[in-house]
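Chain by chain, the residues:
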Amino acid sequence: MSTLAVGKPVLTPKALLHQKYGRKACYRIEEVHEPVENSCPGLALPQHVRCRYRCYLELPELSIVSDAFTRKKDAEQAAAQMAIEKLGIQAKADNLTPEEAWDELVARVSYLFSEEFLSSAHPLVGHIKEASQREGGLVPLSIIAACDVKVNNLCKLIDPKAELDTLSVVILILKAAKQCGSVCISGDLWIRKRNPYAPAIIQSFGNHLSEPTECVQVEAIHVPCSAEKSVGTLSIDIVPNKYYMDEIAQSLGVCDSSVVLISRSIGKASSEMRIYFSALEVPLLAPNPSLEFLSSVEHVKQIFNERASFLSGQNIYGDAILATVGYTWRSPDLSHEDVSLGTYYRMLLHRLPDGCYKLSREAILAAELPIAFTTRSNWRGLCPKELLCMFCRQHKLLEPTFSVKSLPDIVTSPDHKPMALKLCDKVKALKSINEDEFGWDGVPDSVDEHSGEASNFICEIQILSRGNDVLLEYVPEESYRKENDAIQNASLKVLIWFNKYLKQSAAPMEILSSVGDVQGIHVHRQNLDREFLLCLSIHSVEKSIALRKCSLQDQIIHGDYYIECLDSGLSPSQGSLACISYAVALVMDGKGMNELIERKDEFEFEVGTGAVIPQLETCVMQLSINQEARFAVALPSRDLILAAAGASAKYFAQLLSSDSFHEKSCYLEYSIKLLGVTEPFEDRMEQALFSPSLSKQRVEYALRHIRESCAKTLVDFGCGSGSLLESLLEHKTTLQKIVGVDLSKKSLSRAAKMVHSKLSMNSNHGIQNASVKSAELYYGSITDFDPRLYAFDIGTCLEVIEHMEEDQAHMFGDVALGYFCPHTLIVSTPNYEYNPILQKTSSPDKDDSMDEKSQTSQCRFRNHDHKFEWTREQFEHWASNLAARHNYGVEFGGVGGSEGVEPGFASQIAIFRRDALHQVKQCIMNWESKQVYEVVWEWTDCSRSAAA
Ligand SMILES: C[S@@+](CC[C@H](N)C(=O)[O-])C[C@H]1O[C@@H](n2cnc3c(N)ncnc32)[C@H](O)[C@@H]1O
Ligand SMILES: [Mg+2]
């Protein structure tokens, strides 16, 4: 039997106000658009705005405006809280003694049958109106227990067990009814108004009662008490002029609706989904039965319906019906909705952490709860924190507590990373980089702007029962550079632990504590087992009726019907995002049956995080874009198949229980097609494999040359988010004017914010590179000439050309040296020959036996956006010809790897210098050219320009 701990109901501020004002409390939500973080003055690009919500609360005696919140409901609660504080309202119900609650209950029951009550939108009104059309105007007591929250709350104050037992609520209402003069009890469990309503009122009921005009069949679920019996469907007839509760009574095999007990609503707060069961199953009708008496009766224990009790969180006895039908606050009409078998299995699945994730991705047969949260941008489906909160709510626990601590002195990543990182090390390294919000240069956004050092966060989590007992505490060992990463990773760890606990409950706790890499989890086993008693028991029962394993070997991928197509060379590797379409069919070989269960036209997942079933991941890693494959896996549990089947669950349930099914070889067949691959960002690899990171080395290389050249003006072609400009402002140079050009407005916005904050810091502290007098950012293509950037001292173009089509890269070379004519131009681009080293290190599972040549020929580009990558020879060919055409000299260098050692530098660099003898020729023409770039941001040092 369930022995869930019962806590005092805690009323939210809104609920408290509702108690006092009802509908007189009016909430209105208004959106507030706020620019995100450090906005940048003068930026001529739309900046990111965050939408938040403010709540306006109108009460008869005052109006309140809340602060802005990310969630609407938080704004409402905050407004309600402010009102409560201003008005000095006390949580009344909380302070009632059981005796006072009893008096209130009697008054409430009486009020529910008053004429005044009939004008409210209360769901009970529908029942009273229906009853008035029947002889005697009788209403089942259980309806009051089910519909009126206030009655329920009062009953809980009188007897805390009312939380779990509908029956005890009914008994308390029965007693209260006997004490109030205005109602009377009829039979055992009927209640009615002692003096009938005025004929005029009854007349108006008839007019307003909008009952269905024709018979409707509502699909419902039959949940047998015996766990050995399968859950099935049934339909409830809703017939004009008949009370729907009587139909339910009939389905339960009881005489009338007064002996039908009703659970609280299940699922969403607005849902009318409830469990119905027979009061006759419980020895209720004995005189004055107490709950202690009831639960001590062996018979009651035997008829305890575990599955129904688990779903409703209340004690349910005997066979039960799960249905969505009833009156609501929203409309006077009877509302109803089908509950399919698929819905039932989805609800069960929803209670497990991995099930909740699968449902959030609508990919029940493909998705798995990932084992790692690498970056927010790669995570799909509900985030771990949301999943954990949902899990706690579903299991009627308190909301989890997250305590984030900032540890400024912990160093996340070692200074010198080995070249060959093990996968687990790599995942950690990647985690610590977290470039997710950034497109190109991967500047982590939690990096402390002043010191350049990252601060570190850990997030501790505590899970408490509703009775405030500690169930689980998690103190992580790892720290993260972003607060959100710390929270998400900690939440994920706890979810993974719960998943294991609920699935391997029989395992001793020592084993559970050390599963996977979940360390730092401390559980209070007794409390935990008590809270999850039902869940564990249901899970073990479901396991026992799980399907017999079919003859096909698990894990085996067979029948690789690869469609021959041009190999694009692009296959997913660890850390990349694979986009697939898939279909899963239930196949019965002997019967030649192939039934589609689940399909998705587009499904994205991060490779290497266990976000899909292992067979699927293994298969996808062997595909290139546009290739298709099929494989078979042994049948998973029946529950999972039925949850996936959704609306067709009934059909599949029949199929799976048919005799012929057990005789045939059955399996699930997955057909998948790889639609696209988003490679992990190149700089993620660069950061993980080089120390300092390759991008940092490039910037330092450029910086050295800039200093040596004593340049005063610099243009960064394809500046991206401004990583080079940032570095220029952090170091002493002779530069007075710096300009960036890019085609990405998003990157330019980031660059503007970054340059702005660096410049303000410089002028405040009078340090670093104070020589810069002006900074400009332009939006435009570097293959177009703009005379404002003519004849600068130095031009840089780092890791840009490979992002253009090859002919455009050639064009850029000609425009840069032929029109822009900088004195010096530095161009960097990946060295294709270096890729085998990078890719071998980044995918340790790849076959090592391949000789180097074949590896090179199979190598992918470093970034999905690269249009080409050149070998050293190709690069030198391009650069030398270009230089010769425009009277420049060129030298080569690079970063990553060493000079003269095969296969050269990881990033190859050309430095073009204008031939001193050749003066710039196109001067006149240049000045006549149109200004094609758009200024998106500019800054001038007013003090200096004024002084000058
Ligand atoms: C890999 S990022 C490099 C950014 C920066 N140079 C760095 O090293 O961090 C390449 C950049 O080139 C820009 N880009 C590509 N084609 C361009 C074009 N035709 N004109 C201007 N920018 C371009 C992209 O928008 C992107 O910001
Ligand atoms: Mg690149």
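Located above this text is the structure these notes cover.
Note that the coordinates shown come from a computational prediction; the quantities given were computed from them, not determined experimentally. (Residues numbered from 1 in each chain as written. Chains lettered and ligands numbered in written order. Predicted model: local features only at pLDDT ≥ 70, side-chain atom pairs only at ≥ 80, totals over all residues. Heavy atoms only, no water.)

**What to know about the overall build of the chain**
Scanning the chain from N- to C-terminus turns up 35 helices and 28 strands. By residue count, 53% of the 948 residues in the chain fall in the buried class. Partitioning the contacts of the chain with sequence separation of at least 6, the portion at a separation of at least 24 is 73%. Here the chain has roughly 41600 Å² of accessible surface; of this, 51% comes from carbon and sulfur atoms. (Helix = DSSP H or I, 4+ residues; strand = E, 2+ residues; numbered from the N terminus. Buried < 20%, exposed > 50% of the residue type's maximum accessible area, 1.4 Å probe, protein only. Contact = heavy atoms within 4.5 Å. Areas by Shrake-Rupley, 256 points an atom, 1.4 Å probe, with all protein chains shown as cover.)

**Digging into the site of ligand 1**
Near ligand 1, the surroundings consist of 17 residues, among which G718, S723, D742, I782 and L798 are the closest. Note that a nitrogen atom of ligand 1 is positioned 2.7 Å from one of the backbone N or O atoms of G718. Within the side chain of S781, one N or O atom sits 3.1 Å away from a nitrogen atom of ligand 1. About the coverage of ligand 1: the protein hides 90% of its 600 Å² of free accessible area. (Near = heavy atom within 4 Å. Polar contact = N/O pair within 3.5 Å; in protein donor to acceptor, adjacent residues only side chain to side chain.)

**Digging into the packing of helix α23 (residues 638-645) against helix α24 (residues 649-657)**
It is the contact of α23 with α24, at a shortest axis distance of 8 Å, that shows an interaxial angle of 150°. Classified by the interaxial angle, the pair formed by α23 and α24 is roughly antiparallel. Crossing of α23 against α24: the hand is right-handed. Of the residues in α24, those touching α23 at R638, I641, L642 and A645 are A649, F652, A653 and L656. Among the residues making up the contact of α23 with α24, the classes are represented as 7 nonpolar, no polar and 1 charged. (Axes fitted to C-alpha atoms, helices over the stretch in contact; angles between N-to-C directions. Parallel < 35°, antiparallel > 145°, perpendicular 65-115°, else oblique. Left-handed = near helix turned anticlockwise from the far one by under 90°. Nonpolar A, V, L, I, M, F, W, Y, C, P; charged D, E, K, R; others polar.)

**With respect to the packing of aromatic side chains**
Each aromatic ring pair is described using two quantities: the centre-to-centre distance and the angle formed by the ring planes. Going through the model one piece at a time under the given rule, you end up with 28 aromatic pairs. Ring geometry for F690 and Y834: centres 6.1 Å apart, planes at 35°, overall tilted. Here F690, found in the loop between α26 (682-689) and α27 (694-709), pairs with Y834, found in the loop between β25 (824-830) and α31 (835-842); they are 144 residues apart in sequence, far enough to count as distant. Among the residues examined, F690 registers a relative accessible area of 5% and is labelled buried. Judged by centre distance (5.1 Å) and plane angle (55°), the rings of F717 and F820 are tilted. Taken as a pair, F717 in strand β21 (residues 713-717) and F820 in helix α30 (residues 806-820) lie far apart in primary sequence, 103 residues in all. The pair F717 / F820 is uniform in exposure class, with both members buried. The side chain of R351 reaches across the aromatic face of F310, ending 5.3 Å from its centre. When the ring centre of F402 is taken as reference, the NZ or CZ atom of K385 above it lies at 5.2 Å. (Phe/Tyr/Trp six-rings, centres within 6.5 Å; stacked < 30°, edge-to-face > 60°. Lys NZ or Arg CZ within 6 Å of the ring centre and 35° of its normal.)

**Focus on the pattern of salt bridges**
A complete count under the given rule lists 29 salt bridges for this structure. Look at the salt bridges and you will find they share partners, linking K156, E163, R264 and R466 into a network. (Salt bridge = Lys/Arg side-chain N within 4 Å of Asp/Glu carboxyl O.)

**A closer look at the sheet that holds strand β26 (residues 888-895)**
Sheet strands line up and pair through hydrogen bonds in the backbone, either parallel or antiparallel. In space, the 8 strands of this open sheet follow the order β26-β27-β25-β24-β21-β22-β23-β28, with mixed pairing throughout. This sheet does not close on itself; its edge strands, each paired only once, are β26 and β28 (934-940). Neighbour to neighbour, the strand axes of the sheet diverge by 15° on average, direction disregarded. Here 5 bridges tie β21 to strand β22 (residues 737-742), and the two strands are oriented parallel to one another. Within β22, the residue paired with V715 across the bridge is V739. (Pairing = 2+ DSSP bridges.)

**A short note on unusual backbone geometry**
The linkage connecting S691 with the following residue, P692, adopts the cis geometry, with an omega of -5°. In this fold, P692 is placed in the loop between α26 and α27. In the segment running from E902 into P903, the intervening peptide bond is cis, with an omega of 0°. Here P903 is to be found in the loop between β26 and β27 (907-914). Positive phi is not limited to glycine here, since E362 has a value of about 50°. Considering the arrangement of structural elements, one finds E362 in the loop between α15 (353-360) and α16 (384-394). Unusually for a residue other than glycine, N626 sits at a positive phi of about 80°.

**Here's the deal with the sheet that holds strand β13 (residues 401-406)**
Judged by pairing direction, the sheet is antiparallel, and its 4 strands sit side by side in the order β13-β14-β15-β16 without closing on themselves. Lying at the two open borders of the sheet, with one neighbouring strand each, are β13 and β16 (521-523). Averaged over all pairs of adjacent strands, the angle between strand axes in this sheet comes to 15°, irrespective of strand direction. Lying over the sheet, helix α18 (residues 483-503) contacts β13, β14 (457-464), β15 (470-474) and β16, oriented at roughly 40° with respect to β14.

**Side note on the pairing of strand β5 (residues 183-186)**
The pairing of β5 with strand β6 (residues 190-193) spans 4 bridges and is classified as antiparallel. Its bridge partner being in β6, I185 is matched across the sheet by I191. Here β5 hands over to β6 after 3 residues, with G187 in that stretch at a positive phi of 60°.

**Brief notes about helix α2 (residues 72-87)**
Spanning 16 residues, α2 covers 23 Å between terminal C-alpha atoms, matching the ideal 22 Å at 1.5 Å per step. Residues of α2 that are buried include every one of A75, E76, A78, A79, A80, A83 and I84, and no others. Looking at the buried positions of α2, the neighbouring elements they touch are α1 (13-21), β1 (26-35), β2 (49-58) and β3 (63-65). Directly after α2, the chain includes G88, whose backbone phi takes a positive value near 65°. (Expected span 1.5 Å × (residues − 1).)

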